[in-house]
Amino acid sequence: MHATSLQLYPNIIMKKLTLFAIVLFMAKSLSAQVSRVEPTCWWVGMKNPKVQLMVYGKNISDANLTIDYAGVNITGVHKTSNPNYLFVDLNIAPETKAGMLKLHFQVGKKKYTQNYELKNREQNQAGQKGFDKTDVLYLIMPDRFANGNPKNDTIKGMLETKVNRKDQYGRHGGDIAGVMQHLDYLSDLGVTAIWFNPMLENNMPSASYHGYATTDYYKVDPRYGTNEEYVALVKACHDKGMKVVMDMIFNHCGSEHWWMKDLPDTNWINNGGKFLECNHKLFTYMDPYANKADFDRMQYGWFVKEMPDLNQKNPFLATYLVQNSIWWIEFTGIDGIRQDTYPYADFDFMADWCRQVEKEYPEFNIVGESWYAKEASIAWWQRNSKLNPKNTHLKTVMDFPTAFTADQAFTEVTEYETGLYKLYLTLTQDFLYPDPDHILVFLDNHDMSRFNKKGEKDLNRYKQAVAFLLTTRGIPQIYYGTEILMYGEKSEGDGMLRKDFPGGWNDTAKNAFTAEGRTKKQNEAFDYMRSILHWRKTSDAIANGKLIQFTPTNPTGVYAYARQSDKETVFVIMNGTDNEISVQSSRYSDVLAPFTSGTDVVTGKNVLLNEEIKLPKRGVYVLQLK
């Protein structure tokens, strides 16, 4: 507009400018509405009276916020670089009553009210008790276990629309209903806890059946079911005497997470929100000579391009993640958390998270995935480690060294020793762990080649490994299908490690959930594991006993150890060779001296502890001594 126009028509121009400003203001006011509030609800009577709400809505940071609810006060309102977010600190006094809190937002004369529920905590909730060495975890990938509700296979509006069981990287249709239908199978097997791979929403275009690309931290993926169905699943497990461990991921989210289209802050995602692949060099954390570039690439790089790396140094994101885990514990009553890619996230944040969860739930347990082949590096991550100048506060770590060793230990025979000697050597390194009873021991999981191998002619290797897994120190974990000899090699693709459980789909020819649907060999394997699992629940030596192991001696290749408590002694002995052998019982007099015989907990066979103990080739006894 020219200057002459301003001079000739001042009143008209001013009126137009004023009207334009009013329209802009009204448009801005009307747009200041709430699209999301997370956590989606909270509870009165928590030990920590504070909660921080993440409020999302167009230009919501322009609004003034007030509340009028007895016992609840706003202690802080925080804006970020994005005007569409507010972070609101609330303090909930101990005497506060449950009810519907109203959040009043106002921009100018325009007002908007958002309801927010404060719930009563469940009394005497069965969950939140943690898991320990008396438990055995059974790991399930929900998409591959059983399809109980085909109606949720395809959900309108989701990016991956089809189920394709022929595609190892596709959705196969397993769900919560499928697990619910087979809880009796798991109870009969004898496991005491179920670890589920993640079940939160993964609304990604493809290959997210595994659950590790979260797109909504407060919503169960609808192809598995609903939040309410997940709560019902936890309750059903508790009713059958089984605990539940929930898989969580704090290091990264999925690239289709709703906030990726409108990030809450400029530093919400590492590397400025741009993909930079992590170097995956986990040893930089404890490497005394690590250079800064390698360390930073490890901590701030992305796991993969489809999984943006979350910046836990952002205080609002850190609080968001802590509260999210507490929300799921409180909402569902779960008994434990398995935290994925534990070393990839910010160290100080993860330590603080462990402290905060334990403060709210003292009996709760968290196990962190720390993928190292060396015992010292695993021990570095366990809380109170003398190897680490900082305390991780992580109670349980995953025993990858034993898993890697076990893959060969039950088959190898060299000129000088059997593979069982390597197993013995691995356990000699337990002096590195602050608490060996709180390490998760396993033969395989969803990221490793299955322990069972295709074409194995007998169950000798299987039986020795299962006996060891269920009687050694630590907390055992079984991967679904191991009990029926499922196999799969990682070299053939991750989907081959995660095959459908036979019988979980109506079109399956054989239903391995039943004895009739299993082969003779599968039933033998199932019954063997079942026998030890049920005996294990009653064993004081397993619950409270110390481990005493004996050095394998050449040329026999026998590995033996005892679990010994004040009330019970259990003696485990296995032959690492392909020949029948006899060993002198005097070799094990430290634990055998007071006893004359032992009963094998699987077969009921009475084994005399006289001059010699005879062992069949690749044989194993788990003996209750008497």
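Model, not experiment: these values are computed from the prediction.

Criteria and cut-off values
- Residues numbered from 1 in each chain as written.
- Predicted model: local features only at pLDDT ≥ 70, side-chain atom pairs only at ≥ 80, totals over all residues.
- Heavy atoms only, no water.
- 1 Å grid on protein atoms, 1.4 Å probe; cavity = no way out; pocket = protein on both sides within 12 Å on 5 of 7 lines; lining within 4 Å.
- Points joined across faces, edges and corners; volume = space filled by probe spheres on them.
- Nonpolar A, V, L, I, M, F, W, Y, C, P; charged D, E, K, R; others polar.
- Helix = DSSP H or I, 4+ residues; strand = E, 2+ residues; numbered from the N terminus.
- Buried < 20%, exposed > 50% of the residue type's maximum accessible area, 1.4 Å probe, protein only.
- Contact = heavy atoms within 4.5 Å.

Student: Summarise the layout of surface pockets; cite the residues concerned and give the values.
Tutor: Space inside the largest pocket adds up to approximately 700 Å³. Residue lining of the largest pocket: 30 residues in total, with F303, V304, M307, T341 and D447 positioned closest to the centre. Grouping the amino acids of the lining of the largest pocket by side-chain chemistry returns 16 nonpolar, 7 polar and 7 charged. Approximately 430 Å³ is the volume attributed to the second largest pocket. Along the wall of the second largest pocket there are 22 residues; nearest its centre are N48, K50, V322, Q323 and Q356. Listed by contribution, the elements that provide at least two residues to the lining of the second largest pocket are strand 3 (50-56), strand 6 (85-92), helix 7 (315-332) and helix 8 (347-360). For the lining of the second largest pocket, the leading source of residues is helix 7, giving 6 residues. Of the residues contributing to the lining of the second largest pocket, the split by class is 9 nonpolar, 7 polar and 6 charged.

Student: Give a detailed account of the side chain of S325, specifying residues and quantitative values.
Tutor: Tracing the chain through its elements places S325 in helix 7. The class for S325 is buried, based on a relative accessible area of 0%. With sequence-adjacent residues up to four places away left out, S325 is seen in contact with M248, F250, I337, W353 and V357.

Student: Now, about empty space enclosed by the protein: what can you tell me, with residues and values included?
Tutor: Summed over all chains, the structure comprises 3 cavities of 30 Å³ or more. Forming the boundary of the largest cavity are C354, V357, E358, F364, N365, I366, R383, H393 and K395. Residue assignment for the lining of the largest cavity shows that the elements contributing at least two residues are helix 8 and strand 15 (365-368). Among the elements that take part in the lining of the largest cavity, helix 8 stands out by supplying 3 residues, more than any other.

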